[in-house]
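# A look at the structure
For reference, the chains in residue letters:
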Amino acid sequence: MNSRRKPLSSPHPLGAALLLAGLVATAPARAGEVEVLHWWTSGGEARAAQALKATLQAKGHTWKDFAVAGGGGDSAMTVLKSRVVSGNAPAAAQIKGPSLQDWAAEGVLAPMEELARAEHWDDILPKAVAAQMKYQGKYIAVPVNVHRVNWLWANPEVFKRAGAKLPTNWDEFFVAADALQKAGVIPVAHGGQNWQDLTLFESVALGLGGADFYAKALVKLDPDTLKGPLMEKVLTTFKRIKPYTDKNSPGRDWNLATAMVIKGQAGMQFMGDWAKGEFIAAGGQPGKTFVCLPAPGSAASFSYNIDSFAMFKLKNAANSQAQKDLASAILSPEFQQLFNLAKGSIPVRLGVAMDKFDDCAKTSATDFNAAAKAGTLLPSIAHGMAVPTPAEGAIKDVISQFWNSDKMTVKDAQAKLVAAARTR
Ligand code: GAL
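Taking an unreviewed UniProt entry as the reference, the protein chain is identified by name as Probable sugar-binding periplasmic protein belonging to Roseateles violae. Looking at the protein chain in UniProt, the text filed under Sequence similarities (unreviewed entry) is "Belongs to the bacterial solute-binding protein 1 family."

Moving on, we get to the site of the ligand. For the ligand, the set of nearby residues contains 13 residues, the closest of which are E45, K96, N305, D307 and K343. Between an oxygen atom of the ligand and a side-chain N or O atom of D307, the distance comes to 2.6 Å. If the ligand stood free it would expose 300 Å²; the protein chains cover 100% of that surface. Along the lines of polarity and charge, the residues of the shell around the ligand split into four nonpolar, five polar and four charged.

The next subject is helix α9 (residues 170–182). Helix length check: α9, at 13 residues, gives a terminal C-alpha distance of 18 Å against a target of 18 Å (1.5 Å per residue), a fit within 8%. The complete set of buried residues in α9 reads W170, F173, F174, A176, A177 and L180. Seen along its axis, α9 keeps its buried residues to an arc of 165°; they face one direction. Looking at α9, the residues exposed on the side facing more than 90 degrees away from the buried face are D171, V175 and K182. In this structure, the buried residues of α9 make contact with α8 (156–162), β9 (186–188), α10 (194–219), α12 (229–241) and β10 (266–270). By the N-cap criterion, in which a side-chain oxygen at the helix start approaches the backbone nitrogen of a residue two or three places on, α9 is capped by N169, the distance to D171 being 3.2 Å. With its phi angle positive at about 85°, G184 sits one or two positions after the end of α9.

The next thing to look at is the sheet that holds strand β8 (residues 151–154). Strand order in the open sheet formed by four strands is β9-β10-β8-β11, with mixed pairing between adjacent strands. Of all the strands in the sheet, just β9 and β11 (291–294) have a single pairing partner and so form its edges. Between one strand and the next, the sheet's axes are offset by a mean angle of 20°, whatever the strand orientation. With two bridges joining them, β9 and β10 adopt parallel strand pairing. Residue pairing in the sheet places V188 in a bridge with M268 of β10.

Take the state of the cysteines next. Applying the stated rule across the entire model yields one disulfide. Linked covalently through their sulfurs, C292 and C360 form a disulfide whose S-S length is 2.2 Å. Its torsion about the S-S bond being -105°, the disulfide of C292 and C360 is classed as left-handed. Separated by 68 residues along the polypeptide, C292 in strand β11 and C360 in helix α17 (residues 359–374) bring together distant segments of the chain.

Burial along β8 is two-sided: the residues W151 and W153 and L152 and A154 are all buried. Across four bridges, the pairing between β8 and β11 is antiparallel. Looking at the pairing, W151 lines up with P294 of β11. Across three bridges, β8 lies against β10 in antiparallel orientation. Bridging across to β10, W153 finds its partner in Q269.

Cut-offs applied
Residues numbered from 1 in each chain as written. Predicted model: local features only at pLDDT ≥ 70, side-chain atom pairs only at ≥ 80, totals over all residues. Heavy atoms only, no water. UniProt positions renumbered as here; feature names shortened; annotations may be inferred. Near = heavy atom within 4 Å. Polar contact = N/O pair within 3.5 Å; in protein donor to acceptor, adjacent residues only side chain to side chain. Areas by Shrake-Rupley, 256 points an atom, 1.4 Å probe, with all protein chains shown as cover. Nonpolar A, V, L, I, M, F, W, Y, C, P; charged D, E, K, R; others polar. Helix = DSSP H or I, 4+ residues; strand = E, 2+ residues; numbered from the N terminus. Expected span 1.5 Å × (residues − 1). Buried < 20%, exposed > 50% of the residue type's maximum accessible area, 1.4 Å probe, protein only. Arc of directions from axis to C-beta. Contact = heavy atoms within 4.5 Å. Pairing = 2+ DSSP bridges. Axes fitted to C-alpha atoms, helices over the stretch in contact; angles between N-to-C directions. Disulfide = S-S within 2.5 Å.

Structure (structure tokens):
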């Protein structure tokens, strides 16, 4: 395991001497410490984070937890910026999508290319994923998983009681929502936080508008598409969902919304498959106590959200080695299985056995491959995959204002989206 050579920059004089004598390669590596910034604090997330911690500890290193609560990670990213600005970066941080490029451009990330080559990351990762992990052609981050965002989670018992049918398109969705409402349950458990509003919105956009529309509107940010008739329909449909949520939804955390479905207080929730981690952590069984189905109309598409870790440059050689050991462990088949079983996602490493995974994960893996072939594999805008962070933030604000306001018209929202898309 810890057989890699210590970096030549080892500040320890004895380390350097041993290295020259060629003794270090076989000697056990000195234990290091990795401070890891993440936002995995809910039940399922915490189990997954624990798997990461245990894996690092098994290599003889110390895990220093730096958890910043807040689904979607906006708070974590704010804290990260202030730590880096004050010259006190953590060793590792959960950073995703295009923002990886921004961090790399700042020159603060530790290169991972050497490790990536030694461990053949180009061969074990899907090409599109590998490309996102590179800056100027070289690895600067390691991916952990693939989450699918366009899921609908439902409580089948509640549906049965209400005589409702699980919806496969938006017309069916509103029929089911009416039936649930009549039966006295909250049709949609929603957490009214801006990133959750945008998560719901992107599923409506994908399900109603289709993959091409989604790509034009929410990846390329094409102004004509943003102000066009299909976007008008998407925004109108999105807003039609609001009366099916409850009045306590503003500010609610996503995992508390999931808990409402688990307890049968609500019929369904739109959320990425980290929600499955909550159902499982609460003892739920897929297909029995809860069901996963693609968000209405979006079965042929897959909006992805890939969690990844970047490492910050460190001076201490033992800690740098610990960073590398963590990155290496993350892509091992054993870890990919252990972590993703808890997290609700699927392995990002190609060829990991899926036999221990449930049907939701198996569907996700099959649909990921099918969507990649069909050109309907799309980056999630709500989860930092699709557009630069400033534009994402501005779009998130517009969608959330539109969801919450009684006054903003669909046309106003469209004009605001066009302006938001220009934010740099
Ligand atoms: C996502 C992240 C997931 C997740 C979720 C809720 O952005 O990629 O790993 O757990 O936020 O916190």
